[in-house]
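Coordinate inspection notes
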Amino acid sequence: MPRNAESKSAAAPPAPSKGEGLARRRVAGPVRDLAIVLGDQLDIDAPLIRELDPVRDAVLMMEVAEESTRVWSSKQRTTVFLAAMRHFAMDLQSRGVRVHYITLDDADNQQSFGREIRRAVDLLRPARLRCTWPGEWGVLAQLQNAARLANVPLELLEDTHFLTTRDEFSGWAAGRRQLVMEYFYREQRRKLGILVDAKGGPVGGKWNYDADNRAAFKTAPKPPLPPTHEPDEITREVMALVERRFPEAPGTLTHFRWPLTRAAALRELDDFIDNRLPRFGDHQDAMWEREPFLYHSLLSTPLNLKLLNPREVVGKALRAYEAGRVPLNCVEGFVRQVIGWREFIRGVYWHIGPDYANRNALDQHGRLPEFYWTADTDMNCMRHCLSEVRDNGFGHHIQRLMVTGNFALISGVSPRAISDWYLAMYADAVDWVTLPNTLGMAMHADGGVVGTKPYAASGKYIDRMSNYCSGCKYDVAARTGPQACPFNVFYWDFLIRNRERLRSNQRMSMILKNVDRLAEAERSTIAHDAERLRKRFQISGEE
């Protein structure tokens, strides 16, 4: 019994919480259209929402445990999705939309999309199911299967949040030997009229200022902190629910700070444009101890929830550039991420198909080390990057690609194992973005669909772009021996193991010549040290 519970009056039960209130405001059938709104579709301007009839139609929203247990989702990620869904449902109800909302702790919850859709169909007897195109092949299959079993037609609407439709991307990709993001990005710029001159060329004379975006910090940076969005009653309820329901889930909610409403997302956007975008470009690839955010935006989470629209995000960045408040290399680097990389990655996901998830071009099968979940490792760079993901549900793109992703690549971890970790741990994670970024870009497991070469690197790259190595027990200058940086050992072992497989890749030719120059004795030592480290980190053996 909770403390002081006996002093409460039995005649005056406490008012229902916000979550309980959502659960009690159910819809009585029958309805004409039952609009299914998923957790990453919180777009008030979506056709699915705009076309609702408030009298005849209803919205179905479902919190189901399988979305937190299919991969071992972190407390941060689960809280982000559930709390944002509840806020969105309350917003819909305030606009007069009828919402049939199933909370995670509803006694009758079947805890899967398919079963909950069928239960809602039995209760509400809709003439039709409607849903915006989902962000995952598996969810698409569940929607289609549930509609078939319920014998109700399902209409899937194009997701107008994105700037490029699935068919448009497939048309662009058709007949190409390789899908190069840079070429797609340039066409996006021309199509959208972004940072192009009157002749259709790039403003400033270059399409890409990536070469100007690689400055490391010489002294400790002092970036402005992003805003903290204090959890309100709804979010606190969800945090308590997640702690209660998933006590063993990885991560912590101590530093929870995400924007979960449209208004909060707009504040996050304005703060980034005003305070961090002006220095974002120069130090886009830099890292520093105890500085998880630096000058990066934290907009991928509200963007992937659809609380923000990429058009407005890019528009505000461009207006800041046109007003002289943001340098060209900063705005171009940011715009490239939104209209180029984000749209390209989604296009690849749907263009390749559901079998993409099973690709393993480098034939790697190692287990994911336990320290990815706990950050308990003596490698300083990994400890900092992993603890920031554990505590914040966030890591910027260089930490993802060149530290946590690079380590998995060169040490031989299974691409599906590390892809599932990214899906589980990051607050912005949806399968359409996580899978191609990890399996394709970080792990090169798709054989070069996303990245033209493996992004393998030794500890020298990390030393150049951060101050992590200065506080590490390992020697970043050594590639063999007990004190050698594990990134160095694994990097050279990766090249040795894959030199014949990668020899036809022109971008790898110079690097592989260095491998060919190694004496056979040194190759043997590297292979021995790499296997010793794999056993120590419990990577050896198949996932």
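Above this text you will find the structure in question.
Being a predicted model, the structure only gives us computed values, none of them experimental. Numbering of residues begins from 1 in every chain and follows the order in which that chain's sequence is written. Only residues with pLDDT of at least 70 are given local features in this predicted model, and only at 80 or more are side-chain atom pairs given and counted; all residues enter the totals for whole chains, interfaces and linings. Only hydrogens and water are set aside; all other atoms, that is, all heavy atoms of the structure, feed into the side-chain values.

Thoughts on helix H16 (residues 380-392)
- Here a strand is any run of E in DSSP of at least two residues, a helix any run of H or I of at least four, and the numbering for each starts at the N terminus. Helices are assigned an expected span. That span is 1.5 Å times one less than the residue count. Compared with the 18 Å implied by 1.5 Å per residue over 13 residues, the 18 Å span of H16 between its first and last C-alpha is a close match.
- When we look at burial in H16, the residues that qualify are Asn380, Cys381, Met382, His384, Cys385, Leu386, Ser387, Glu388, Val389, Asp391 and Asn392.
- Contacts are residue-level and defined by heavy atoms, with any inter-residue pair within 4.5 Å sufficient. Contacts made by the buried residues of H16 are with helix H4 (75-94), helix H15 (371-374), helix H17 (397-411), helix H18 (415-425), helix H20 (459-465) and helix H21 (486-502).
- At the C-terminal side of H16, Gly393 shows a positive phi close to 65°. Type-normalised accessible area, obtained with a 1.4 Å probe on protein chains alone, sets the label of each residue: buried when under 20%, exposed when over 50%, and partly exposed for intermediate values.

Regarding the packing of helix H5 (residues 113-124) against helix H6 (residues 137-150)
- A fitted line through C-alpha atoms represents every axis, and for helices the fit uses only the stretch in contact; the resulting angles, taken between N-to-C directions, go from 0 to 180 degrees. Running from N to C, H5 and H6 point in directions that differ by 35°, and their axes come no closer than 9 Å. Pair H5 / H6 crosses with right-handed handedness. The residues of H6 that touch H5, namely those facing Phe113, Gly114, Ile117, Arg118 and Val121, are Val139, Gln142, Leu143, Ala146, Leu149 and Ala150.
- Residue composition of the contact of H5 with H6, grouped by class: eight nonpolar, two polar and one charged. In this scheme the handedness of a crossing depends on how the near helix is turned from the far one: anticlockwise by less than a right angle means left-handed, clockwise means right-handed. In this classification, the charged set is Asp, Glu, Lys and Arg, the nonpolar set is Ala, Val, Leu, Ile, Met, Phe, Trp, Tyr, Cys and Pro, and all remaining amino acids, among them Gly, are polar.

Focus on the side chain of Thr434
- Locating Thr434 in the fold gives a position in helix H19 (residues 431-442).
- For Thr434, a relative accessible area of 8% translates into the label buried.
- If sequence neighbours within four positions are ignored, Thr434 has contacts with Ser419, Tyr422, Leu423 and Ala429.

Some words on the packing of aromatic side chains
- The criterion for an aromatic pair is that two Phe, Tyr or Trp rings (for Trp, the six-membered ring) have centres within 6.5 Å, with stacked assigned to planes under 30 degrees apart, edge-to-face to planes over 60 apart and tilted to the rest. The tally for this structure, following the rule as stated, stands at 31 aromatic pairs.
- Taking 5.9 Å as the distance between ring centres and 70° as the angle between the ring planes, the aromatic pair formed by Phe169 and Phe344 counts as edge-to-face. Linking Phe169 in helix H7 (residues 166-173) with Phe344 in helix H14 (residues 328-352), this pair joins segments that are 175 residues apart in sequence.
- Seen in terms of ring centroids, Phe371 and Phe537 are 5.5 Å apart; in terms of plane orientation they differ by 90°. Their pairing is edge-to-face. Of the two residues, Phe371 is situated in helix H15 and Phe537 in the segment after helix H23 (520-536); the sequence distance between them amounts to 166 residues. Each member of the pair, Phe371 as well as Phe537, is classed as buried.
- Feature note: the residues Phe371, Tyr372, Phe407, Trp421, Tyr422, Tyr426, Phe487, Phe490 and Phe537 constitute an aromatic cluster, connected by ring pairs.
- Its guanidinium or amino end placed over the ring of Tyr455, Lys453 lies 4.8 Å from that ring's centre, counting from NZ or CZ. Throughout this description, the term charge over a ring refers to an Arg CZ or Lys NZ atom that lies within 6 Å of the ring centre and within 35 degrees of the ring normal.

Things to note about the pattern of salt bridges
- Salt bridges are counted wherever a side-chain nitrogen of Lys or Arg sits within 4 Å of a carboxyl oxygen of Asp or Glu. Across all of its chains, the model carries 44 salt bridges by this definition.
- Asp270 serves as the salt-bridge partner of Lys316, at 2.6 Å between the closest nitrogen and oxygen. Linking Lys316 in helix H13 (residues 310-322) with Asp270 in helix H10 (residues 262-275), this pair joins segments that are 46 residues apart in sequence.
- For Lys316, a relative accessible area of 22% corresponds to the partly exposed category.
- Since its relative accessible area comes to 31%, Asp270 is described here as partly exposed.
- Between Arg534 and Asp493 there is a salt bridge, with its nearest N and O atoms 3.2 Å apart. With Arg534 in helix H23 and Asp493 in helix H21, the pair connects residues that are 41 residues apart, well separated along the chain.
- Owing to a relative accessible area of 3%, Asp493 belongs among the buried residues under this scheme.

Some points on the pairing of strand E5 (residues 154-157)
- Each pair of strands is called paired provided DSSP finds at least two bridges between the two strands. The pairing of strand E4 (residues 128-132) with E5 spans four bridges and is parallel. Residue pairing for E5: Arg130 is matched across the bridge by Glu155.
- Handedness of the crossover joining E4 and E5 through H6 is recorded here as right-handed. Place the viewer so that the strands point away; then a crossover is right-handed whenever the path from the first strand over the helix to the second strand goes clockwise.

Remarks on the nonpolar core
- If you look at the biggest cluster of nonpolar residues, it comprises 162 residues, and the most contacted ones within it are Met61, Phe344, Tyr372, Met382, Phe407, Trp421 and Phe487.
- The biggest single contributor to this core is H14, with 13 residues.
- Residues in contact with Trp421, not counting those within four places in the same chain, are Leu368, Tyr372, Trp373, Leu386, Val389, Thr404 and Tyr426.
- Formed by 22 residues, the second largest nonpolar core is a distinct cluster that contains Ile36, Ala58, Ala146 and Val152. Here, the term nonpolar core denotes a set of buried Ala, Val, Leu, Ile, Met, Phe, Trp, Tyr and Cys residues that are joined through side-chain atoms within 4.5 Å.

Observations regarding the pairing of strand E1 (residues 33-36)
- Burial along E1 is two-sided: the face carrying Asp33 and Ala35 and the face carrying Leu34 and Ile36 are both buried.
- Looking at chain direction, E1 and E4 are connected through four bridges and run parallel. The partner of Leu34 across the bridge, within E4, is Leu129.
- Strand direction decides the pairing type here: E1 and strand E2 (residues 58-62), joined by three bridges, are parallel. Across the sheet, Ala35 pairs through a bridge with Val59, a residue of E2.

Some remarks on unusual backbone geometry
- Non-glycine residue Arg125 carries a positive phi angle of around 50°.
- Following the sequence through the fold, Arg125 ends up in the loop between H5 and E4.
- Accessibility expressed as a relative area gives 48% for Arg125, which makes it partly exposed.
- Its identity as a non-glycine residue notwithstanding, Arg290 has a phi of 60°, on the positive side.
- Residue classification places Arg290 among the exposed residues on the basis of a relative accessible area of 63%.

Some points on the sheet that holds E4
- If you walk across this open sheet you meet the five strands as E3-E2-E1-E4-E5, and the pairing is parallel. Each having just a single partner strand, strand E3 (99-102) and E5 make up the two edges of the open sheet. Going from strand to strand, the sheet's axes swing by 25° on average, the running direction of each strand aside.
- Here H4 sits on the sheet in contact with E2 and E3, set at roughly 160° to E3.
- Across the sheet, H5 touches E1, E2, E3 and E4, and the angle it forms with E2 is around 150°.

Some remarks on H7
- All of the buried residues in H7 are Phe169, Trp172 and Ala173. Axial view of H7: buried residues confined to an arc of 95°, hence all on one face. Exposed side chains of H7 directed beyond 90 degrees from the buried face belong to Asp167 and Gly171.
- As for H7, its buried residues are in contact with helix H8 (181-192) and H14.
- Where H7 ends, the next residue or the one after it, Gly175, has phi of about 80°, a positive value. By definition, the arc is the one covered by directions from the helix axis to the C-beta atoms.

Everything listed is a geometric property; what it means functionally is a separate question.
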